[in-house]
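Each chain, written out:
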Amino acid sequence: MAGFSDVEQRFCLGLVLWNGRDPILKERMFGLTGAQANHGEDVKEYWWYLDAVPSHAWNRWRYHYPQAAFPYDDLLAGNRRRGKLDPEYELLDTGVFDEDRYWIVEVDYAKADPTDLLMVVRVTNAGPDTATLHVLPTAWFRNTWSWEVDAPKPRLRGRADGSVAIDHPFLGDLELLAGAGPDGVAPTALFCENETNNQRLFGVPGPTPYPKDGINDHVVGGAATVNPGRHGTKAAVWYRLAVEPAATAELRLRLRPTGAGTERAATLGADFDRVVAQRRQEADAFYAELTPPDRSADEATVMRQAFAGMLWSKQLYAYDVARWLQGDPTQPTPPASRGGGRNASWGNFDAFDVMSMPDKWEYPWFAAWDLAFHCVAFAHLDPAFAKYQLLLLCREWFQHPSGALPAYEWDFGDVNPPVQAWAALEVFAIDGARDLDFLSRVFDKLLVNFTWWVNRQDANGSNLFEGGFLGLDNIGPIDRSHLPVGGTLEQSDATGWMAFYALSMAAIASILNRSGRRPALDLVLKFLEHFAQIRHAMATLGVWDDADGFYYDKLVTPDGTAVPVKVRSMVGVIPLLAAVVVDEETIRRAEAVGKASARLLDQLGGPGRLAEQGLVRGEPGNRRLLLGVVGVDHLTKLLAKLFDETEFLSPYGLRALSAFHRDHPYELDVEGFRASIDYEPAESTTAMFGGNSNWRGPIWFPLNYLLISALERYHRFFGDEFTVEYPTGGPRRTLDQVAADLRQRLVDLFVVGPDGRRPCFGGVDRLQRDPTWSGNLVFNEYFHGDNGAGLGASHQTGWTGLVADLIRGRRPGDGVYAIGDLGRVVGRARP
């Protein structure tokens, strides 16, 4: 908990607690596995990332810990009793926080310099009676010595003054200073080894009588499982704090190079105060500059905590597939079955990199398309880190030799939506549209990935693409990655994504070409020709249903029968994303190429037909061409569905699946197989994809964000003369007005409304009304399609962190989005 480490996670610092009643120390967050919970794996604790800055010179974390015994068994039993149609049984439901009998635990980290880390632990007794809390700040080395022959082993050693000496072959000599408690009593230093307890797990003796759970067994049960010689590879300093009601106790620790700086009293006294105050002031100034002046204080808090969650969710990701398949030199040989198991064909994958995690408890690994959205938010804070993440995914130790990008650890070979080119453009623009080297590097590697998509995900060469679930989990009546019948699923979303990818790559190529860089103009045309072919396929090969005004997937059986899967979901909306505006200069430059340009214009319908369709605007010399998969007539019909409050439009954004299916479930019947789907605005009622993710009605940030951007692009082409009913049946508005309203609806999920409640907290009264809870935000994975309550992973500060971009970023009139005008990018960052 509240973990901090060096960049290679060789040495770690964290917090351990014990209320004197639990059977184990509280070392990590408790949650349920997929089989134990009624809606898939789920953490059952309350903690928050309150603040952070990109340098990590200032970080704040908060946790609420019950004073009564933590209800482990009750949580297991309570969730076991509930079914798929029931809400989850949460920690607050157990009554363990009744009468406010809990601890408020806050941890601040501040850096005096890159190697001098200050740790402040504050515990507040929220309850009515004096209570005792055991606080054990804990340090340990990641075990790097048990897996290699003759690997050096670092040591922690207790000193007479109560501090801990740290000896590491790479990090050098450090010391952990621990101040006395509020009662003036120094803490007790405890030592054990960061080694598995073989006796407890396997019934065989281990390498040490002081294994990694030795401190737990000693504190909780008095066992002789800590090293009396006061040395090891894991150590804790043990404070016993008796705290009166409403009182706060503060502890101070400092990790620094041995003998550095001032003498001990000042190190934990006046100098400590100075550093903490200075770093807090610097963080306040940093976020004051990031916050637009027209945003409310509540919106500024939402933005700051969203950014903090992004920064706290960075961690080392280490996974060497070849090493996993072969086994470690000092360990037993792996079973032969491992050689054909998960990710076995990704022998090139060898990650040892700091990455942005979607959720450090539920999703502690990267996901390719999640990461792209993370980078858009990160670009406001730390553009260099955002670029590093996008380039990392394309490096030779990540990207497969075939050109595929790894999807996520479950199965690198799964396919995520190809949003990396779009994200690279966004990051480039937010950073001021100046780092052409970054754009050139990412373009080269994505060129290989684009070719992989064309060669591997278009089975019959029709330019209608497959891809499987494509990150949308249970959005269809069937598992789109594992079809229950033979044949091919030609997907509207996959095809829309590829059109979007082609236009994004064309935009990058055009920017580089205009800047005098590679590639030549013919590569711009190459991607535009791909786009034109995809556009033609979507218009002619049966994925558009004119009667319904919607795009659908098409299941083609082995005998050639085409069965439309008529589910109104984001699958059929994603084609809207593929739209850019081409200006006069780009048209002229393309025409100068000659043959290729003429062929492209013919593929798009010819100049005359494009003008008839309303896709060419302006007089000669100032013409603009709209390149989009969706024609104007289709666009009008799609937007009518999208903005209908009985279908996609909710008070807090756009639903992933239309509420039309609430009263009109869809049933698929093909080759004797039957499956159905209806509108489910909250948690999933199926076990598909683990049951802890639901795209059948809730609001998800990534697609809402992309659709808002697309609406702004359409508005830049059509201008104020193109209006739509918004909501459908209501007054007519321009598309930029619609986009602005949708942005605010997403932001409003987190801010206090006129009724005094935050929609994201749903019906949980303590979160809504108790001031010790209500200002602490989490950024859920998705949100209830009707009332906006937060659902899914509770610390999904990955793509939901986009709310910070929506608060800070562009609004109508502030410039253009990266892909908006082909080859022309204006930086998005505010001054």
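Residues numbered from 1 in each chain as written. Predicted model: local features only at pLDDT ≥ 70, side-chain atom pairs only at ≥ 80, totals over all residues. Heavy atoms only, no water.

(A) Expanded view of the overall build of the protein chain. From N to C terminus, the protein chain includes 23 helices and 34 strands. Taken over C-alpha atoms, the radius of gyration comes to 28 Å for the protein chain, in line with the 28 Å a tight globule of 831 residues would show. For the protein chain, the residues scored as buried account for 61% of the 831 residues in total. Pairs at least 24 residues apart make up 71% of the contacts formed inside the protein chain by residues separated by at least 6 positions. Element-wise, carbon and sulfur atoms account for 52% of the exposed surface of the protein chain, whose accessible area totals about 30100 Å². (Helix = DSSP H or I, 4+ residues; strand = E, 2+ residues; numbered from the N terminus. Rg over C-alpha atoms; globule rule 2.2 N^0.38 Å. Buried < 20%, exposed > 50% of the residue type's maximum accessible area, 1.4 Å probe, protein only. Contact = heavy atoms within 4.5 Å. Areas by Shrake-Rupley, 256 points an atom, 1.4 Å probe, with all protein chains shown as cover.)

(B) Molecular detail of the environment of serine 693. If you trace the backbone, serine 693 turns up in the loop between strand S30 (673-677) and helix H19 (701-718). Sequence spacing of serine 693 and threonine 540 is 153 residues, and the spatial spacing of their C-alpha atoms is 34 Å. Among the polar contacts listed, one links the side chain of serine 693 to the side chain of aspartate 473, at a separation of 2.6 Å. (Polar contact = N/O pair within 3.5 Å; in protein donor to acceptor, adjacent residues only side chain to side chain.)

(C) A look at the sheet that holds strand S25 (residues 616-617). Within the open sheet, the 3 strands sit side by side as S24-S26-S25. Their pairing is antiparallel. Edge positions in the sheet fall to strand S24 (579-583) and S25, since each has one partner strand and no second. Summarising the sheet, S24 and strand S26 (residues 624-628) pair through 5 bridges and their orientation is antiparallel. Looking at the pairing, valine 580 lines up with leucine 627 of S26. Docked against the sheet, H19 engages S24, S25 and S26, running at close to 150° with respect to S26. (Pairing = 2+ DSSP bridges. Axes fitted to C-alpha atoms, helices over the stretch in contact; angles between N-to-C directions.)

(D) Region of the structure containing the sheet that holds strand S11 (residues 164-168). Strand order in the open sheet formed by 9 strands is S5-S6-S7-S8-S16-S12-S11-S10-S14, with antiparallel pairing between adjacent strands. The sheet is open, and its two edges are formed by strand S5 (47-52) and strand S14 (231-232), each paired on a single side. In this sheet, S14 lies alongside strand S10 (residues 155-158) in antiparallel orientation, the contact comprising 2 bridges. Residue arginine 157 lies in a different strand from S14, and its bridge partner there is histidine 231. Against the sheet, helix H5 (residues 270-290) engages S5, strand S6 (58-66), strand S7 (102-113), strand S8 (116-125) and strand S16 (248-257), with an angle of about 90° to S7.

(E) Just the pattern of salt bridges, in detail. Scanning the entire structure with this criterion turns up 55 salt bridges. As a salt-bridge pair, glutamate 148 and arginine 323 come within 3.0 Å of each other at their nearest N and O atoms. Separated by 175 residues along the polypeptide, glutamate 148 in the loop between strand S9 (131-141) and S10 and arginine 323 in helix H7 (residues 321-326) bring together distant segments of the chain. Assessed through its relative accessible area of 26%, arginine 323 is described here as partly exposed. For aspartate 786, the salt bridge identified is with arginine 655, shortest N-O distance 3.3 Å. Taken as a pair, aspartate 786 in the loop between strand S33 (782-783) and strand S34 (790-791) and arginine 655 in the loop between strand S28 (653-654) and helix H18 (660-663) lie far apart in primary sequence, 131 residues in all. Given the relative accessible area of 5%, arginine 655 is considered buried. One salt-bridge network, held together by shared partners, links Arg60, Arg62, Glu106, Asp108, Arg122 and Arg280. (Salt bridge = Lys/Arg side-chain N within 4 Å of Asp/Glu carboxyl O.)

(F) Broad picture of the packing of H5 against helix H6 (residues 297-312). One way to put it is that H5 packs onto H6 with a least axis distance of 11 Å and a crossing angle of 115°. The interaxial crossing formed by H5 with H6 has right-handed handedness. Along its contact with H5, which presents Ala283, Asp284, Tyr287 and Leu290, the element H6 presents Met303, Arg304, Phe307, Ala308 and Leu311. Residues that form the contact of H5 with H6 fall into these classes: 7 nonpolar, no polar and 2 charged. (Left-handed = near helix turned anticlockwise from the far one by under 90°. Nonpolar A, V, L, I, M, F, W, Y, C, P; charged D, E, K, R; others polar.)

(G) Structural detail: the packing of aromatic side chains. With the rule as written, the count across this model stands at 59 aromatic pairs. Ring plane angle 80° and centroid distance 6.2 Å describe the contact between tryptophan 369 and tryptophan 497, whose orientation is recorded as edge-to-face. Note that tryptophan 369 is positioned in helix H8 (residues 368-381) and tryptophan 497 in helix H12 (residues 492-514), a separation of 128 residues in sequence. Each member of the pair, tryptophan 369 as well as tryptophan 497, carries the same accessibility label: buried. Between the aromatic rings of phenylalanine 643 and tyrosine 726, the centroid separation amounts to 5.2 Å while the plane-to-plane angle is 85°, which identifies the pairing as edge-to-face. Here the residue phenylalanine 643 occupies a position in the loop between helix H17 (632-642) and strand S27 (649-650), and tyrosine 726 occupies one in the loop between strand S31 (723-725) and strand S32 (732-734), the gap between them amounting to 83 residues. Tyrosine 726 matches phenylalanine 643 in its accessibility class, with the two residues each being buried. Ring-pair connections join several aromatic residues into one group, and the members of that group are Trp369, Phe373, Trp422, Trp497, Phe500, Trp695, Trp700, Tyr705, Tyr782 and Trp799. Over the face of the ring belonging to tryptophan 238 we find arginine 240, whose NZ or CZ atom lies 3.6 Å from the ring centre. Note that arginine 568 overlies the ring of phenylalanine 660, its terminal NZ or CZ placed 3.9 Å from the centroid. (Phe/Tyr/Trp six-rings, centres within 6.5 Å; stacked < 30°, edge-to-face > 60°. Lys NZ or Arg CZ within 6 Å of the ring centre and 35° of its normal.)

(H) Structural detail: the layout of surface pockets. In this model, the second largest pocket occupies a volume close to 900 Å³. In this structure, the second largest pocket is lined by 39 residues; those nearest its centre are Glu90, Glu683, Val764, Gly790 and Leu791. Residue assignment for the lining of the second largest pocket shows that the elements contributing at least two residues are strand S4 (42-43), S5 and S34. Here the residues of the lining of the second largest pocket are counted per class, giving 17 nonpolar, 11 polar and 11 charged. (1 Å grid on protein atoms, 1.4 Å probe; cavity = no way out; pocket = protein on both sides within 12 Å on 5 of 7 lines; lining within 4 Å. Points joined across faces, edges and corners; volume = space filled by probe spheres on them.)

(I) Quick look at unusual backbone geometry. Put simply, tyrosine 726 and proline 727 share a cis peptide bond, and its omega is -10°. Within the fold, proline 727 resides in the loop between S31 and S32. Residues other than glycine seldom take positive phi values, yet glutamine 9 does so here, at roughly 55°. Relative to the helices and strands, glutamine 9 is located in the loop between strand S1 (4-5) and strand S2 (11-18). Take glutamine 9: its relative accessible area is 25%, and that puts it in the partly exposed class.

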